[in-house]
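Descriptive analysis of the structure
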Amino acid sequence: MIIMKIVVGITGASGVIYGIRLLEELKKADIETYLVISDIAKDIIEYETSYLVCDVEKLASYSYDEHDLNAIINSGSFKFDATIIIPSSMKTLSAISNGYGDNAITRVADVTLKERRTLIIVPRETPLRTIHLENMTNISREGGIILPAMPGFYHKPQTIDEQVNFIVGKIFDILNINNNLFTKWKQ
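A brief report on the enclosed structure follows. (Residues numbered from 1 in each chain as written. Predicted model: local features only at pLDDT ≥ 70, side-chain atom pairs only at ≥ 80, totals over all residues. Heavy atoms only, no water.)

Considering the nonpolar core
With 37 residues, the main nonpolar core has Ile6, Val8, Ile10, Leu22, Ile171 and Leu175 as its most contacted residues. The residues touching leucine 175, leaving out its near neighbours within four places in the chain, are Met4, Ile6, Ala82, Ile84, Thr118 and Ile120. (Core = buried A, V, L, I, M, F, W, Y, C linked by side-chain atoms within 4.5 Å. Buried < 20%, exposed > 50% of the residue type's maximum accessible area, 1.4 Å probe, protein only. Contact = heavy atoms within 4.5 Å.)

Structure below.
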C-alpha cells in the first residue's frame, strides 16, 4: 500500500548524500517517489559519493530528466503530497523564490507552492548572503519550509551517517512519518 507520493529534487550543491539517504529511507517506508536530479548534481554524486547516478535513480519509483517540463510532476492536476529539494543550490532557491520554473525541479516547486502542498527545501551553502536569506524568507512566506542542512549534536552523533540521518529524520518528522533516524530531544 502506498502511503504517500513525494517528489525529490537533488540539485547541484554539496551534500547530495542527504538526498540519497532520503530516497533510501522513503523506499524503506514504501513511499512512492518521483525523482529529478539536476545535471550538476549528477556530477557531484560521482564526486562526493561512491554511488552511481543510475543507482540513485533506481532508489526512486519514477525518475525524470531535469529538462523535461512535460513530466507529470509539473502539472497541478497530478496529485502528490510533498516536494523536497535536498540539497538545494542557491540558484535553485533563487529560481523558486522568484517564480522562475525553467526546469523540472523549479517547476514542480512552483506547482507545490501554488497548489498549497508541502515544500521542504534543504539549502546547502555557507556563509549566506543577504539575498540568500531574503529568498528563503520569500519561500517561507508562501508556506515553504526551509530546513537547512544543519545537524544537531544533542544526540551525540559519532559518524557522518548519524548527522545525515538527523536531517532526514527532521524531514520525516515534518511529514509525520514515524522514524528512528535520530534520538529525539529528552529532558
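Some thoughts on the layout of surface pockets
By volume, the largest pocket is sized at about 250 Å³. Surrounding the largest pocket, 16 residues form its lining, Glu66, Ser89, Lys91, Thr92 and Asn103 being those nearest its centre. Those elements that provide at least two residues to the lining of the largest pocket are α2 (39-48), α4 (90-97) and α5 (104-114). At 3 residues, α4 tops the list of elements feeding residues into the lining of the largest pocket. For the lining of the largest pocket, the class distribution of residues is 4 nonpolar, 8 polar and 4 charged. (1 Å grid on protein atoms, 1.4 Å probe; cavity = no way out; pocket = protein on both sides within 12 Å on 5 of 7 lines; lining within 4 Å. Points joined across faces, edges and corners; volume = space filled by probe spheres on them. Helix = DSSP H or I, 4+ residues; strand = E, 2+ residues; numbered from the N terminus. Nonpolar A, V, L, I, M, F, W, Y, C, P; charged D, E, K, R; others polar.)

Examining α5
Counting buried residues in α5 gives 8 out of 11 residues, a clear majority hidden from the surface. Here α5 has its buried residues at Ala104, Ile105, Thr106, Val108, Ala109, Val111, Thr112 and Leu113. Where α5 is buried, its residues meet β1 (5-10), β2 (32-37), β3 (62-65), β4 (82-88), α4 and β5 (118-123). Backbone nitrogen of isoleucine 105 and a side-chain oxygen of the N-cap are separated by 2.8 Å at the start of α5; the cap is asparagine 103. A positive phi of about 60° marks arginine 116, the residue just after α5. (Polar contact = N/O pair within 3.5 Å; in protein donor to acceptor, adjacent residues only side chain to side chain.)

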